[in-house]
Amino acid sequence: MNFHLTALVPELFFLALVLVLMIQSLGDRNWQPPVEKWLPFGAGLAFFVAITGFGLHSTMFWGVYKVDMMSQFFKIVLAFGFYVTVLNASRQSTLEDGKRADYYMLLGFSTLGLMMLSSAVELITIYLALELASYSMYAVIPLRAKEKGAAEAGVKYIMFGAVATALALYGLSYIMATQHTTHIAELMNKSWVFAENPMAVVGLSLFLAGMFFKLALFPFHFWCPDVYQGASNETAAYVATMPKMGAIVVLCRLAVLLKPGLEITTILAVLGACSMTFGNLSALAQTDLKRLLGFSSVAHAGYIMVGLVSGTPEGIGAAAFYGLAYLLMNLLVFWIVSRVASDGRNLKLTDLNGLYKKAPVLAFSLAAGAFALVGLPPTMGFMGKFFLITSAWDHGYNWLVITLVLNSAIAIYYYLSLFRHAFTEEKAPTGVAAPDNGWFASAGAGMLAAAVLLVGIVPAPLFDFAIRAGESLYGIVHAVGGAGH
Amino acid sequence: MDFGYPVLTILIAFPLIAACGLFFLKAPQVVRYYTMVASLIECLLAIPLINFQLNADFQFVEKIDWVAKWGLQYYLGIDGISILMVLLTVAVLPLCVMCSWTYIGKREKEFHFCLLFMTSAVLGVFCALDLVLFYVFWEAMLIPMYLLIAVWGGDDRRYASLKFFLYTLAGSTLLLAAIVAFRITGGTFSIPELMEMNFSFRFQFWAFLAMALAFAIKVPMFPFHTWLPAAHVQAPSAGSVILAAVLLKMGTYGFLRFCLPLTPAASEYFAPMMIAISIASILYGGAIALGQSDIKKLVAYSSVGHMGFVTLGIFLFNQRGVEGALFQMLNHGVVTGALFMMIGCVYERSHSREISKNMGLGKYLPAFMFFWGLMALASFGFPGTNGFVGEILVFIGAFQESIWIGMLCVPGALLAAAYMFRVSLKMAWGKPSSGKGWRDLNAREWIYLTVPAVFVFWIGLAPAPFFNIIDPSVGKLLNDFDKRKVAAVEAETPMQTAAADVLNVLAGKQ
């Protein structure tokens, strides 16, 4: 067994972090220091450890676990996402005191699973890592004190998740039976034409369905708005962002199989088009903020397909970059949702009224987040979308690109209403908790907004990294330590 | 010519930086003085532009890589077509600050932030020579304009602002697709490089349609004009001024900068349609303006007509027509901007924009009526004013092209005189309604109305310097256009090709 300890430093650090959380969750609730006091520092450190590991590359465990540009890109993204979600959740008011350590432990395990998922290059390994990431989620979602809806959301997530997992396993068996391998590198050279290998194509479609469930792609999205609505705001922030990164990295790795013109690629493109159109149209009618964001993430799942079906390293790089953009934009908006709902309630659009007066920094950051989600320049969302459509143009799916740009025009309405309520409506609701306007809320929102704008104006360094990650999947290797950082 | 510093970048960045400085101020009066000073400094920063050489090259060029891997560049430069628009934008800013001095009574900080932000974005649009950079500025200007209408607007502001935002954004989404298509087909985002290339007619056909939709909505041309009256009527005075003077020009500028040089064959092919729509805009805008009882709405519809003259001039493809279009762009900016400022003046006094509430002002507000009369005359192109120069050029171009096009424009000019006289006569000599106690113009209003008045006479009586600036660029534009419009046309029949394209896409989908 070849095994390089140094190449696994980010994961090992994370494992250590999770084990400490596990010990604390076993202990007395009066143990000092309380988990919120030290965990942000630990998570921040994990982020830096992940950054230092950006140049690592190695293959281990008989070729099922590969540390390459793609995996390191997503490990950095995931570590960053975990850091922000931990900070975000540290002020959670709807979490019982006794369950705090457990809550973070489960989030940590889930993130660890996603990190392993980003390195998995073999279908069974992918499946195992995915399950590690999912099991913790099943337990986290119902953790919302005095809220029956949360339990309902948890049950829904488990049911849908179980079905999707079963489908994926079933598909896996088909792939194994016909292609006689589960290594993506070997599957890449097999035929995926339906006429030649019908069973394998059906198997791959089913396996992909498991990923689509995680990504909330139409028609596997039904859990999404309900779970966001039922779970606490902070949990929703996690569910909306991190598991999707896992799904995106797996899809990026599997995208090398999807040559343009194959039936399965076309299915992906059609699902992407349906997903963005359906997501955006449904979001138009929402008044609950989290449901709105749920449908928006259905639409965004569709956008990501545009990069994946192009069948080029640039397309995969653009999809990875959009994944990062999606994570940042959503964490930003959910940060504001969590701070405005300082008592942990579900927000209506009207709850945002007059935010510009009550919490100017939050309002400004919300504007940045909302316009980034639409894809207006100069934000990261625009750059992400722009890279997606440029990479996909002239690869046989121009109609998908047109669908994407037309969808921006639909989407503007409901994102604009976030902005409109925060900036132009004066009539604020009475008798509800005021938004958190402290330095912590403002600093977090301000920094996330600055990141969204800054990466939108100067996207080159991160984008080069993403492109190299995409190229690494096609075996185009660059000297390590170049323009990545 | 090198000034030792990037002239255009500083010109674009300065309002933005100044806008950020607003966050540290508190008192409304300080905010106003601060913005006023900033806008005057911005005018000073435009002084190096007098070194503009009278030729057709792009000047003051700045070029650095932005995203090298994707071919994006930070690429700025101006030529004879854009320099006048840049100067207009810079000059309008201090006037806007002055005309909202007392008009804006709430959230002054944000208001001036929007003004400055908007100036930056619009300057960027006129200076950008990279397609994506252009798009970035093009979209960036939507948000401050939306806020100007939605926060400081009239009673129906929510509807007007949403309509404005949705309309313009929907139009520009396909522009992005066209930009991407240019990159993939032409291999670059750089506009000067793309101008040298010949694209297949099929490509030009679709690219033209995608771009023309975005620009036609912005202009706005006849069937897409409905957002304009709503936005104008609801917007505060300064918002209307910027909207009329600068924003609408972005659309016609887009036609000149993109449609003609990049898709010459398709422009030629679609010219009859564009001319027809332009004439429809002229006649329709004029006829509707004749029936308005709201002064602001009247001027808004007159904008539709005036901009019709601009697009008509552009799609005539002859020297006089395009010159006339450029003059008309400048004139409309000066004159309509001034008219909207005056509507702001009178609204501050009467709190109504109805003609019937603002009658008989000749006796009580003589200075105001002097400026109003002057601008009204300029608006319908009275000889001696700038409006005449623009309109006569377009007319000459139209008659050169075909006598029928020229004849069809004549009623448009008559209508313009009719509605302007109707409103001006009532305002000057109608039965006084409530104007007795009003004060005439104060010093601030004198200043901001004198500036456009000077330009009305300057362009009207001595337009030679302006001709010298625009002529080389217009000549080059038309030269390139004539050379390339035929070369690219393929033998195939365009409509069938287009239909086949659509069918192929539909077939591919299933």
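Quick caveat, the model's predicted, so the values are computed rather than measured.

Student: Honestly, the overall build of chain A in this entry has me stumped. Any pointers?
Tutor: If you tally the helices and strands in chain A, you get 19 helices and two strands. For 485 residues, the compact-globule formula gives about 23 Å, and the C-alpha radius of gyration of chain A, at 21 Å, lands near that figure. Principal-axis analysis of the C-alpha atoms places the extent of chain A at approximately 65 × 50 × 45 Å. Across chain A, the fraction of contacts at a sequence separation of at least 24, relative to all contacts at a separation of at least 6, is 79%. Of the accessible surface of chain A, which amounts to about 15700 Å², a share of 69% is contributed by carbon and sulfur atoms. In chain A, 27 positive and 26 negative side-chain charges are present, and the distance between their average locations comes to 6 Å.

Student: Before we go on, may I ask you to explain the overall build of chain B in this structure?
Tutor: Counting secondary structure elements, chain B contains 21 helices and two strands. What you see for chain B is a C-alpha radius of gyration of 22 Å, in line with the 24 Å of a compact globule of 510 residues. Expressed as lengths along the three principal axes of its C-alpha atoms, the size of chain B is roughly 70 × 55 × 50 Å. A sequence separation of at least 24 residues applies to 81% of the contacts in chain B between residues at least 6 apart. Here chain B has roughly 17400 Å² of accessible surface; of this, 68% comes from carbon and sulfur atoms. Computed over 33 positive and 29 negative side-chain charges, the separation of the two mean positions in chain B equals 12 Å.

Student: Any chance you could explain the environment of A:Lys214 here in plain terms?
Tutor: All names here are of chain A. Take Lys214: it is sitting in helix 8 (residues 198-215). Its relative accessible area of 5% is what places Lys214 among the buried residues. Taking C-alpha positions, Lys214 is 17 Å from Leu172, a pair spaced 42 residues apart along the chain. Those residues within four positions of Lys214 in sequence are excluded, and the remaining contacts are Leu130, Ser134, Tyr157, Trp223, Pro243, Lys244 and Ala247. At 3.0 Å, the side chain of Lys214 forms a polar contact with the side chain of Ser134.

Student: How should I be thinking about the interface of chain A and chain B in this particular structure?
Tutor: It is common to give the size of an interface as the accessible area lost on bringing the parts into contact. Each side of the interface is counted separately: chain A has 39 residues, and chain B has 34 residues. It is A:Phe386, A:Trp393 and A:Trp399 in chain A that bury the most area against chain B; as a group they hold 15% of the surface buried on that side. Residues B:Arg107 and A:Glu426 are paired through a salt bridge, measuring 3.6 Å at the closest nitrogen-oxygen approach. Across the contact surface, chain A and chain B share four residue pairs in polar contact (both at pLDDT 80 or more). Mapped onto the side of chain A that touches chain B, the elements with two or more residues apiece are helix 16 (380-392), helix 17 (398-423), helix 18 (439-457) and helix 19 (460-473) of chain A.

Student: Looking at this structure, how should I read the nonpolar core?
Tutor: Here is a general trend for soluble globular proteins: nonpolar side chains tend to be buried in one another's company. Judged by nonpolar contacts, the single largest core of 401 residues is most densely connected at A:Phe386, B:Phe255, B:Phe368 and B:Trp372. With 20 residues, the single largest contributor to this core is helix 13 (residues 313-340) of chain A. Residue contacts for B:Phe255: discarding those within four places in its chain leaves B:Ala212, B:Phe215, B:Ala216, B:Val219, B:Met221, B:Leu260, B:Pro261, B:Met274, B:Thr311, B:Ile314 and B:Phe315. Core analysis: the second largest hydrophobic core is formed by six residues, A:Met60, A:Val64, A:Tyr65 and A:Val67 among them.

Student: Would you take a moment to explain helix 7 (residues 157-186) of chain B for this structure?
Tutor: Residues that lie three or four places apart on an α-helix share one face, since the helix turns once every 3.6 residues. Residues and elements named next belong to chain B. The terminal C-alpha atoms of helix 7 lie 43 Å apart, and with 30 residues this matches the ideal 44 Å at 1.5 Å per residue to within 8%. Within helix 7, 21 of the 30 residues are buried, which leaves it mostly tucked inside the rest of the structure. One or two positions beyond helix 7, positive phi appears at Gly187, with a value near 85 degrees.

Student: Explain the packing of helix 13 (residues 295-314) of chain B against helix 18 (residues 403-429) of chain B here, please?
Tutor: When two helices pack together, their arrangement is given by the angle between the helix axes and by the axis-to-axis distance. Residues and elements named next belong to chain B. Here helix 13 crosses helix 18 at 160 degrees, and the two axes come no closer than 11 Å. The pairing of helix 13 with helix 18 is recorded here as roughly antiparallel in orientation. Crossing handedness for the pair helix 13 and helix 18: left-handed. Every residue of helix 18 that contacts helix 13 at Ile295, Leu298, Ser302, His306, Phe309 and Leu312 is listed here: Ile405, Cys409, Ala413, Tyr419, Met420, Arg422, Val423 and Met427. Taken together, the residues of the contact of helix 13 with helix 18 break down into eleven nonpolar, two polar and one charged.

Student: Quick question: what am I supposed to make of the state of the cysteines here?
Tutor: Disulfides are covalent bonds that connect the sulfur atoms of two cysteines. Residue and element names in this part refer to chain B. Summed over the entire model, instances satisfying the criterion amount to zero disulfides over all chains. In this structure Cys43 is a free cysteine whose sulfur lies 11 Å from that of Cys96, the closest cysteine sulfur available. Using a relative accessible area of 26% as the deciding quantity, one classes Cys43 as partly exposed. The structure places no disulfide on Cys96, whose sulfur is separated from the nearest cysteine sulfur, that of Cys99, by 5.3 Å. Owing to a relative accessible area of 0%, Cys96 belongs among the buried residues under this scheme.

Student: How should the confidence of the model for chain A be read in this particular structure?
Tutor: Interpretation of the predicted coordinates at a detailed level should be avoided for regions scoring low in pLDDT. Of the residues in chain A, 98% have a pLDDT of 70 or more, and the chain-wide mean is 87. A low-confidence stretch, residues 479-485 of chain A stays under pLDDT 50, and its non-local contacts, those more than four residues away or across chains, total twelve contacts.

Student: Whenever I open this one, the pairing of strand 2 (residues 72-78) of chain B confuses me. Can you help?
Tutor: Within a regular strand, side chains alternate between the sheet's two faces. All names here are of chain B. Burial within strand 2 is extensive, with six of its seven residues counted as buried. Sheet analysis places strand 1 (residues 59-67) next to strand 2, joined by six bridges and oriented antiparallel. The residue of strand 2 that forms the bridge with Glu62 is Leu76.

Student: So what exactly am I meant to see when it comes to the packing of aromatic side chains here?
Tutor: Remark: the centre distance and the inter-plane angle together describe each pair of aromatic rings, the angle taken between the planes. Scanning all chains against the criterion turns up 73 aromatic pairs over all chains. Taking the centre distance of 6.0 Å and the plane angle of 40 degrees together, the rings of B:Tyr103 and B:Tyr347 count as tilted. Highlighted residues: B:Tyr103 in the loop between helix 3 (80-99) and helix 4 (108-127) and B:Tyr347 in helix 14 (residues 319-350), separated in sequence by 244 residues. Residue B:Tyr347 is classed as partly exposed on the basis of its relative accessible area of 25%. Taken together, a centroid distance of 6.1 Å and an interplanar angle of 45 degrees make the contact between B:Phe205 and B:Tyr269 tilted. Of the two residues, B:Phe205 sits in helix 9 (residues 201-218) while B:Tyr269 sits in helix 12 (residues 264-290), which places them 64 residues apart along the sequence. Under the relative-accessibility criterion, B:Phe205 is labelled buried at 5%. In this structure B:Tyr269 comes out as partly exposed when scored by relative accessible area, which is 32%. Over the ring of A:Trp335 we find A:Arg339, and its NZ or CZ is 5.0 Å from the ring centre. Looking at B:Arg107, its charged tip hangs above the ring of A:Tyr356, at a distance of 3.3 Å from the centre.

Student: Help me out: how do you make sense of a nonpolar patch on the surface in this one?
Tutor: Residue and element names in this part refer to chain A. A surface patch of nonpolar side chains, amounting to about 630 Å² of accessible area, comprises Phe3, Leu5, Leu12, Leu15, Leu19, Met22 and Leu26. Mapped onto the fold, Phe3 is located in the segment before helix 1 (9-26). On the accessibility criterion, Phe3 (39% relative accessible area) is partly exposed.

Student: Looking at this structure, I do not really get the environment of A:Leu217. What am I missing?
Tutor: Checked against the element boundaries, A:Leu217 lands in the loop between helix 8 and helix 9 (223-230). Discounting chain neighbours no more than four positions away, the residues touching A:Leu217 are A:Phe212, A:Leu271, A:Gly272, A:Ser275, A:Ala301, A:Gly302 and A:Met305.

Student: Help me understand unusual backbone geometry, please; the structure alone is not making it clear to me.
Tutor: Backbone phi values are negative for most residues with the exception of glycine, while trans is the configuration of most peptide bonds. The step from A:Phe218 to A:Pro219 runs through a cis peptide bond, and the omega angle for that step is 0 degrees. Considering the arrangement of structural elements, one finds A:Pro219 in the loop between helix 8 and helix 9. With an omega of -10 degrees, the peptide bond between B:Val219 and B:Pro220 qualifies as cis. In this fold, B:Pro220 is placed in the loop between helix 9 and helix 10 (227-234). One non-glycine residue with positive phi stands out, namely B:Arg107, at about 50 degrees. With respect to the element layout, B:Arg107 can be found in the loop between helix 3 and helix 4. Accessibility expressed as a relative area gives 12% for B:Arg107, which makes it buried. A positive phi angle, close to 60 degrees, is found at B:Phe317, a residue other than glycine.

Calculation criteria
Residues numbered from 1 in each chain as written. Chains lettered and ligands numbered in written order. Predicted model: local features only at pLDDT ≥ 70, side-chain atom pairs only at ≥ 80, totals over all residues. Heavy atoms only, no water. Helix = DSSP H or I, 4+ residues; strand = E, 2+ residues; numbered from the N terminus. Rg over C-alpha atoms; globule rule 2.2 N^0.38 Å. Contact = heavy atoms within 4.5 Å. Areas by Shrake-Rupley, 256 points an atom, 1.4 Å probe, with all protein chains shown as cover. Lys, Arg positive; Asp, Glu negative; His and termini not counted. Charge placed at Lys NZ, Arg CZ, Asp CG, Glu CD. Buried < 20%, exposed > 50% of the residue type's maximum accessible area, 1.4 Å probe, protein only. Polar contact = N/O pair within 3.5 Å; in protein donor to acceptor, adjacent residues only side chain to side chain. Buried area = accessible area lost by both parts, 1.4 Å probe. Salt bridge = Lys/Arg side-chain N within 4 Å of Asp/Glu carboxyl O. Core = buried A, V, L, I, M, F, W, Y, C linked by side-chain atoms within 4.5 Å. Expected span 1.5 Å × (residues − 1). Axes fitted to C-alpha atoms, helices over the stretch in contact; angles between N-to-C directions. Parallel < 35°, antiparallel > 145°, perpendicular 65-115°, else oblique. Left-handed = near helix turned anticlockwise from the far one by under 90°. Nonpolar A, V, L, I, M, F, W, Y, C, P; charged D, E, K, R; others polar. Disulfide = S-S within 2.5 Å. pLDDT = per-residue confidence, 0-100. Pairing = 2+ DSSP bridges. Phe/Tyr/Trp six-rings, centres within 6.5 Å; stacked < 30°, edge-to-face > 60°. Lys NZ or Arg CZ within 6 Å of the ring centre and 35° of its normal. Patch = residues over 30% accessible without salt bridge, like charges linked within 9 Å, V, L, I, M, F, W, Y side chains within 5 Å.

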